[in-house]
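# Coordinates in review
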Amino acid sequence: MLRRPEYRQVLVFCGLIGIPVSLIAFWFLVALHQLEQLIWTDWPRDLGWKQAPWWWAFPLLLVAGVVVGLIVARLPGRGGHIPAGGLHSGGMTKNALPGVVIAALLGLPLGVVLGPEAPLIALGSGLALLFASFVRAPRTEASAALLGAAGAAAAISALFGNPVVGAVLLMEVAGVGGPQLFAVMLPVLLSSGVGDLVFTGFVHWTGLQTGSLDIGLPKAPLLDAGDILWSLLMAPAVAFLIHWVFVGGRFAAGFVSSWTVRNTTLCALGAAGCIALYTVATGRSPSEVALSGETTLGQLAKDPHAWSVGALVAMMVFKAIGYSLCLGSLRGGPVFPALFLGGAAGALLAPLPGFGLVPAMAAGMAASVTAALRLPVSSVVLVVLLLGNVQTVAVVVLASVVSFVLTELLPQGPRIPAFSESPGGRARRRASSRP
């Protein structure tokens, strides 16, 4: 395959395209991070509050619900894939880019309980195809798939702090194997590495933060029998929770498929209600249940005792409900909230006899992200590289396998609608079909 000149041309182009794609993705992440800081920290303090008040999420998510609902109903691409269906690497077009970007920038910082990884995959894929059209590169179905995967890998690599995660994730999402795996692997890995280099350089040069996932867990001692036993017991419980969160997300997607704008707004307000109830019940910041959970996960790993048992349980319950509503109605990625719920479950159960914080959070995150994505290899690579702790590899692998088997055996719930359409759109379609 490497002897074919057209493949070598695609390989070189994928390496080059990683530079502009990663630069745009860098500023996209910076914008999300700065907006979240401004809306959830700076504005409440400027208005004289120590933290955002309990009602803070209602007007924000009202705006997010209306905007995303309009994008889903009116713009090409419907703002991206429905997150309750997991991650997708295909089906993106350059015409769908505006809807994806607007839905992410006007949704995620306003408190949507989703992460930025799905918009980044769509953004990278769409940009790669857009740049290819600018230089009039030869377009075939195979080259479009390669360019889309490479662009997505370049955009997402630094989000997880390692190009290997981006490459493995995109290859497993694409679902290729055999000879196809080698054909996709080189462009994706090359573009992912270039993207990570550009990200790293810009972070050091500008001093800006993109919110890369780095939870900073302490180094763990060697695993013992207690860690293994508790991990094997915790993994199915966490997987069961995340699975039914996604089933709820599929029901929400069906609810939103009719009267799109109204029902999307209602789901967003339901998530705001979960955020408000958590704040009223615990007196803690509403941002701990809102947003993706990336920042709170790092705080939880460094100081789990800052939360009481009741606060941890309340945070998991309300976060899970808000996450489920957002999975089916709004736009974003499913990875970060799943990692957070798994990490929170680990922090909650870590005081069990013979169980440590690091293996508990490692097993919880592996089980949760595997149940969310149904991608066991990517989940193991992500959690292992995220923790940077080789001592926890065994519990990560065991938790991921147990989670994958269990979620495959459980009932999957309703199928996600193929598209969302407003009542007016359906009426026009029925009218146009009449003789």
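The paragraphs below set out a description of the structure included in this document. Values in this document were obtained by computation on a predicted structure and should not be read as measured data.

## A few points about the overall build of the protein
Helix and strand counts for the protein come out as 16 helices and zero strands. The buried share of the protein, reckoned over its 435 residues, is 54%. Pairs at least 24 residues apart make up 81% of the contacts formed inside the protein by residues separated by at least 6 positions. Working note: accessible area of the protein is about 17,900 Å², and carbon and sulfur atoms make up 68% of it.

## Some points on the pattern of salt bridges
In this structure the tally under the stated criterion is two salt bridges. Across the salt bridge formed by E288 and R284, the nearest N and O atoms sit 3.0 Å from each other. Taking the relative accessible area as the measure of exposure, E288 reaches 7% and is therefore buried. Between R374 and E408 there is a salt bridge, and its shortest N-O distance comes to 3.3 Å. Taken together, the residues span a long stretch of sequence, with R374 in the loop between α13 (357-373) and α14 (376-387) and E408 in helix α15 (residues 393-409) at a distance of 34 residues. Take E408: its relative accessible area is 42%, and that puts it in the partly exposed class.

## Some points on the environment of L70
As for its position among the elements, L70 is in helix α2 (residues 57-74). Accessibility expressed as a relative area gives 41% for L70, which makes it partly exposed. Sequence separation of L70 and T265 is 195 residues, and the distance between their C-alpha atoms is 9.9 Å. When residues no more than four places from it in sequence are discounted, the contact partners of L70 are L75 and V261.

## Details of unusual backbone geometry
Backbone phi values are negative for most residues with the exception of glycine, while trans is the configuration of most peptide bonds. With phi around 55°, R78 is a residue other than glycine that occupies positive phi space. Structurally, R78 is set in the loop between α2 and α3 (97-105). Residue R78 is classed as partly exposed on the basis of its relative accessible area of 33%. Located in the positive-phi region is L291, a residue other than glycine, with phi close to 65°. Position of L291 relative to the elements: it lies in the loop between α9 (260-282) and α10 (294-302).

## So, a nonpolar patch on the surface
A surface patch of nonpolar side chains, about 540 Å² in accessible area, is lined by L47, W49, W54, W55 and V280. Along the chain, W49 falls in the loop between α1 (5-46) and α2. You can call W49 partly exposed: its relative accessible area is 34%.

## Topic: the packing of helix α8 (residues 225-256) against helix α11 (residues 309-329)
At a minimum axis distance of 6 Å, the contact between α8 and α11 shows a crossing angle of 40°. The angle between α8 and α11 falls in the class oblique. In terms of crossing hand, the pair formed by α8 and α11 is right-handed. Along its contact with α8, which presents L241, V245, F246, G248, G249, A252, A253 and V256, the element α11 presents M316, A320, Y323, S324, L325, L327, G328 and S329. Considering only residue class, the contact of α8 with α11 consists of eleven nonpolar, five polar and no charged.

Cut-offs and rules
- Residues numbered from 1 in each chain as written.
- Predicted model: local features only at pLDDT ≥ 70, side-chain atom pairs only at ≥ 80, totals over all residues.
- Heavy atoms only, no water.
- Helix = DSSP H or I, 4+ residues; strand = E, 2+ residues; numbered from the N terminus.
- Buried < 20%, exposed > 50% of the residue type's maximum accessible area, 1.4 Å probe, protein only.
- Contact = heavy atoms within 4.5 Å.
- Areas by Shrake-Rupley, 256 points an atom, 1.4 Å probe, with all protein chains shown as cover.
- Salt bridge = Lys/Arg side-chain N within 4 Å of Asp/Glu carboxyl O.
- Patch = residues over 30% accessible without salt bridge, like charges linked within 9 Å, V, L, I, M, F, W, Y side chains within 5 Å.
- Axes fitted to C-alpha atoms, helices over the stretch in contact; angles between N-to-C directions.
- Parallel < 35°, antiparallel > 145°, perpendicular 65-115°, else oblique.
- Left-handed = near helix turned anticlockwise from the far one by under 90°.
- Nonpolar A, V, L, I, M, F, W, Y, C, P; charged D, E, K, R; others polar.

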